[in-house]
Amino acid sequence: MNTDFPYAQIVFNLPVKGPFDYIVPPELRNKIKRGVRVWAPFGGRTLVGYVVGLSGKPGVDISRLKQIKSLIDAEPIIDAALLKLSKWLSKYYFCSPGEAIEAAIPGGLKKGRTSVKPRLQEKSPEAQEASKSPLILNSEQKTALREISISIEKSQFRVFLLHGITGSGKTEVYLQAIKMVLEKDKSAILLVPEISLTPQTVERFRERFGKKVATLHSRLTAGQRFEEWKKVKEGRCPIVIGARSAVFAPVKKLGLLIIDEEHETTYKQEDVPRYNARDAGIARAREAGATVILGSATPSLESFYNTSKYKYKLLSLNERVDGRILPATKIVDMREELKIIKRFSVFSRMLEEAIRERLKRKEQIILFLNRRGFSTFIHCRRCGLVLKCKRCSIALTHHSGKRKLICHYCNYSAPYTEICPQCKNAYLGYSGTGTQKVESEAARLFPAARIERMDTDTTTTRDSHRRFLSAFKKGEIDILVGTQMIAKGLDFPRVTLVGVIMADTALNLPDFRAAERTFQLLTQVAGRAGRGDKKGEVIIQTFAPENYAVSAGSRHDYHAFYEKEITYRRELGYPPFLHLIHLTLRGKKEERVVQTIQKLALRLKTASAASKAEVLGPAASPIPRIRGKFRWSLVLKIPTPIQGTQLLENVLKDFKIPPDLNLRVDVDPLGMM
Ligand code: ADP
Ligand code: ZN
């Protein structure tokens, strides 16, 4: 009997910190365990709580304590390792411990449910026997695997960055590293971005490891997800493949964590807790003494910088396994184009001609635009200049209501103008081109072609994404127009032309990672063309051909890009040199929002005066009003996130955010909208 522990520490999925002490009623004392859920009274309601501790003595006056009502789980739903990870998460990402734990629980088990009944017609993913054996590695793969195996053998926490273009054999290295981990009776987790988690990817792992593989991702129904989660928790599947939340997969004895496409933004969760699965994964692996492989063709600046500091070990795969060369890339200078044809056109003459040629030969075309209608950036269509804040090097955002150009990091502002400050022509453009415009222009120019558009507007159902791609694969579509959704992951052997309508759309985002995003997109997009036997071609349209992100992207030259970019990051004090915390205050009355955030900024500035932290802003957000709520934000620059969240916690202790306003805290933000 556990009668020594009549008190339990409980946290809730609420933005309140805790843990809170409760009395464990005598009849539950020999049943309650750390990691189970309970029903407990809180603020006049009965809520689901997580037991994070059991003790003989409460932290507070016993007469005020309430009793737990009942237990939900007989066995812990979350183990000690994951409890520890959730604690890290709540500290690093400034959320409550309960909110952090909630992220680790499968959706179907939320709100106190204990199981999810699969619907009748539902089948679990087909289990099959392993049928394929490992390939003979080439010498670069061998070198990489040898390094990784040493760390696996020693059960040592170590992070490898596997840098190699698509088709260089990274996945084969993952497969063989996983095999080694299984032989040591440990588990492996492979994280992939949601978009590249295709049946083909999973198939390769099932062919190698059969029933040992479980998958966790959003295309499964709640019932299927729960079944997969249970298989992992009960130790039946030592390999988990999944999207972001699979970083919390309840594997026993984690030996290896692989994060493919580690630079991907989909690893960052936009809702509380706003964690990055890569960074959470590294924290988990550190505790477990596990090996980490980060894989990418275009590593994040943060990860590559860590290899230069010898925090991570760099492993490179420089050749494509099949010896195929990357497609030829041409850059079209849209400034020249505009000078000659005297009007702005979506398609340059070169791109139009190339499309006609492909249509004639019955080959396929991808037209790529990195965003939907977001079009508040300003650039000169004559000289290519992008108006930027001198201090932050962030593209200025046009606020039409105020007729002003604003830096939404530091609030620098300039009056609205159409005259370019560099070439003095009235050529400043305030609008971008959306995917819809590209689609309609293509339909006008190529009336006989079968054209489809794929973006978040046209892929709203669970299945639409897959249907588009399978129609494209079958040759039922000639031209596929789309956003980043189509920039990665899949092989289309009949695509021989990729057109990038406007490389500058990413370049002009009001974000310090704009150049990095542009480079990544161009590199990835180029990888889509010419994957079959036919030679591929990539045409990039841009107003800034001399920009290093555009030129290095078109040459697939990561190192050239990295050297330039890291210098800017150092000079301007951006990651990886400093961390950012993005605070956004939202509310229905603009003056209230502005006054409150100004006060908060002042408090933060005073509190951080003695430290190395810097407070930028407040400034109106680039999208200043969403659903009737005004949005203003602040940016904190600090050496470590923990310093920033502590600073914030101290300031918020005696600075209460009024209830009609809402403060959003984003640590290590990936887009600051
Ligand atoms: P990446 O993950 O870097 O895109 P993959 O591991 O998928 O690369 O490899 C690309 C292709 O080459 C796949 O079809 C894979 O089966 C094949 N491949 C990988 N390594 C080898 C090897 N050592 N020998 C023969 N084929 C290989
Ligand atoms: Zn600025």
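Note that the coordinates shown come from a computational prediction; the quantities given were computed from them, not determined experimentally.

Here is what the cut-offs are and how they apply
Residues numbered from 1 in each chain as written. Chains lettered and ligands numbered in written order. Predicted model: local features only at pLDDT ≥ 70, side-chain atom pairs only at ≥ 80, totals over all residues. Heavy atoms only, no water. Helix = DSSP H or I, 4+ residues; strand = E, 2+ residues; numbered from the N terminus. Rg over C-alpha atoms; globule rule 2.2 N^0.38 Å. Buried < 20%, exposed > 50% of the residue type's maximum accessible area, 1.4 Å probe, protein only. Areas by Shrake-Rupley, 256 points an atom, 1.4 Å probe, with all protein chains shown as cover. Lys, Arg positive; Asp, Glu negative; His and termini not counted. Charge placed at Lys NZ, Arg CZ, Asp CG, Glu CD. Near = heavy atom within 4 Å. Polar contact = N/O pair within 3.5 Å; in protein donor to acceptor, adjacent residues only side chain to side chain. Nonpolar A, V, L, I, M, F, W, Y, C, P; charged D, E, K, R; others polar. Phe/Tyr/Trp six-rings, centres within 6.5 Å; stacked < 30°, edge-to-face > 60°. Expected span 1.5 Å × (residues − 1). Contact = heavy atoms within 4.5 Å. Donors = N, O, S within 2.8 Å, 3.2 Å for Na, K, Ca; no water. Core = buried A, V, L, I, M, F, W, Y, C linked by side-chain atoms within 4.5 Å. Pairing = 2+ DSSP bridges. Axes fitted to C-alpha atoms, helices over the stretch in contact; angles between N-to-C directions. Parallel < 35°, antiparallel > 145°, perpendicular 65-115°, else oblique. Left-handed = near helix turned anticlockwise from the far one by under 90°. Salt bridge = Lys/Arg side-chain N within 4 Å of Asp/Glu carboxyl O.

J.: What exactly am I supposed to notice about the overall build of the protein here?
T.: Looking only at helices and strands, one finds 18 helices and 27 strands in the protein. At 27 Å, the protein has a C-alpha radius of gyration in line with the 26 Å of a compact globule built from 673 residues. Seen through its principal axes, the protein has C-alpha atoms that stretch 85 × 65 × 50 Å. Relative to its 673 residues, the protein shows a buried fraction of 57%. Element-wise, carbon and sulfur atoms account for 51% of the exposed surface of the protein, whose accessible area totals about 29600 Å². The average position of the 112 basic charges and that of the 70 acidic charges among the side chains of the protein differ by 4 Å.

J.: I keep staring at the site of ligand 1 and nothing clicks. Help me out?
T.: Contacts to ligand 1 come from 15 residues, most closely from I136, Q141, G167, T171 and R204. Within the backbone of I136, a nitrogen or oxygen atom sits 2.7 Å from a nitrogen atom of ligand 1. For ligand 1, whose free accessible area comes to 560 Å², the fraction covered by protein is 68%. Per element, the largest residue contribution to the shell around ligand 1 is three residues, and it comes from helix α4 (residues 170-183). Grouping the constituent residues of the shell around ligand 1 by class yields five nonpolar, seven polar and three charged.

J.: Please explain the packing of aromatic side chains as it appears in this structure.
T.: Aromatic rings considered in pairs are described by the distance between their centres and by the relative angle of their planes. Tallying each qualifying case throughout the model produces 20 aromatic pairs. With 6.1 Å between their ring centres and 20 degrees between their planes, F226 and W229 make a pair best called stacked. Separated by three residues within a single helix, F226 and W229 lie in helix α6 (residues 222-233), roughly one turn from each other. The pair formed by F226 and W229 is uniform in burial state, with each residue classed as buried. Aromatic pair Y558 and Y562: ring centres 6.1 Å apart, planes at 25 degrees, arrangement stacked. Separated by four residues within a single helix, Y558 and Y562 lie in helix α16 (residues 558-572), roughly one turn from each other. Taking the relative accessible area as the measure of exposure, Y562 reaches 5% and is therefore buried. Each residue in the set F304, F519, Y548, Y558, F561, Y562 and Y568 is aromatic and connected to the rest through ring pairs, giving one cluster.

J.: What is the right way to read helix α7 (residues 277-288) from this model?
T.: Given 3.6 residues per turn, any residue in an α-helix points the same way as the ones three and four places further on. With twelve residues, α7 ought to run about 16 Å at 1.5 Å a step, and its terminal C-alpha atoms sit 16 Å apart, in line with that. For α7, the complete set of buried residues consists of A277, R278, D279, A280, G281, I282, A283, R284 and A285. On the buried face of α7, the contacting elements are α1 (80-92), β6 (158-164), β7 (187-191), β10 (254-260), β11 (291-296) and α8 (301-308). Near the N-terminus of α7, the side chain that reaches the backbone nitrogen of R278, with its oxygen 2.8 Å away, is that of N276.

J.: Help me understand the coordination of the zinc ion (ligand 2), please; the structure alone is not making it clear to me.
T.: For the zinc ion (ligand 2), the full set of protein donor atoms is C389 (SG), C392 (SG), C407 (SG) and C410 (SG), at a range of 2.2 to 2.5 Å. Summarised as a motif, the one-chain spacing of the donors to the zinc ion (ligand 2) is C-x2-C-x14-C-x2-C. Taken as a pair, C392 in the loop between β15 (379-380) and β16 (397-399) and C407 in the loop between β17 (404-406) and β18 (413-415) lie far apart in primary sequence, 15 residues in all. Assessed through its relative accessible area of 2%, C392 is described here as buried.

J.: It is not clear to me how the nonpolar core should be interpreted in this structure. Could you clarify?
T.: If you look at soluble globular proteins, the nonpolar side chains tend to sit buried side by side. By size, the foremost hydrophobic cluster in this structure holds 110 residues, and its most contacted members are L191, F248, Y275 and L604. Filtering out sequence-adjacent residues up to four positions away, L604 remains in contact with L583, V615, L634, L647, L648 and V651. By size, the runner-up hydrophobic cluster in this structure holds 29 residues, among which are L145, I178, L197 and I293.

J.: For this particular structure, what's the right way to read the pairing of strand β14 (residues 364-368)?
T.: Along any regular strand, the residues point their side chains to alternate faces of the sheet. Along β14, five of the five residues are buried, which leaves the element largely enclosed by surrounding structure. The alternating pattern of β14 places Q364, I366 and F368 on one face and I365 and L367 on the opposite face, and all of these are buried. Here β14 runs beside strand β22 (residues 495-500); their pairing, made up of five bridges, is parallel. Across the sheet, the residue bridging to I365 is L497, located in β22.

J.: Hey, could you run me through the packing of helix α17 (residues 590-608) against helix α18 (residues 641-653) in this one?
T.: Two quantities define a packed helix pair, namely the angle between the helix axes and the distance between the axes. The geometry of α17 relative to α18 is characterised by a closest axis approach of 10 Å and an angle of 120 degrees between their N-to-C directions. Classified by the interaxial angle, the pair formed by α17 and α18 is oblique. In the crossing of α17 with α18, the sense of the turn from one axis to the other is right-handed. Of α18, the residues touching α17 (which contributes L600, R603, L604, A607 and S608) are L647, L648, V651 and L652. Partitioned by chemical class, the residues of the contact of α17 with α18 number seven nonpolar, one polar and one charged.

J.: How should I be thinking about the sheet that holds strand β26 (residues 629-638) in this particular structure?
T.: Backbone hydrogen bonds are what pair the strands of a sheet, in a parallel or an antiparallel way. Pairing is antiparallel across the open sheet formed by four strands, whose spatial order is β25-β26-β24-β27. Sheet topology places β25 (614-626) and β27 (662-667) at the edges, where each strand pairs with a single neighbour. The average undirected angle you get between the axes of adjacent strands in this sheet is 20 degrees. Sheet analysis places β25 next to β26, joined by seven bridges and oriented antiparallel. Within β26, the position partnered with R625 by the bridge is F630. Strands in contact with α18 are β24 (579-587), β26 and β27; relative to β24, the strand with the most contacts, it is inclined by about 35 degrees.

J.: Would you mind showing me how to read α6 here?
T.: Helix length check: α6, at twelve residues, gives a terminal C-alpha distance of 16 Å against a target of 16 Å (1.5 Å per residue), a fit within 8%. Here α6 has its buried residues at G223, Q224, F226, E228, W229, K231 and V232. Contacts from the buried residues of α6 go to β8 (213-216) and β9 (239-242). Two residues or fewer past α6, G235 is found with a positive phi of approximately 80 degrees.

J.: How do you make sense of the sheet that holds β16 when you look at a structure like this?
T.: Spatially, three strands are ordered β16-β17-β18 in an open sheet, and the strand pairing comes out antiparallel. Taken across any chain shown, the strands that pair with only one partner, and hence form the sheet edges, are β16 and β18. Direction aside, the axes of adjacent strands within the sheet are offset by 30 degrees on average. Relative to β17, β16 runs antiparallel, the two sharing three bridges. Of the residues in β17, the one forming a bridge with H399 is K404.

J.: Is there a simple way to explain the pattern of salt bridges in this structure?
T.: Two side chains carrying opposite charge are able to pair once their charged atoms lie near each other. Applying the stated criterion to the full structure yields 37 salt bridges. With its nearest N and O atoms 3.3 Å apart, the salt bridge here joins K132 to E207. Taken together, the residues span a long stretch of sequence, with K132 in the loop between α2 (97-103) and α3 (139-153) and E207 in helix α5 (residues 199-209) at a distance of 75 residues. One salt bridge connects E234 with R236, and the closest N-O pair in it is separated by 2.9 Å. The network of salt bridges with shared partners includes K330, E357, R358, R361, E363 and E537.

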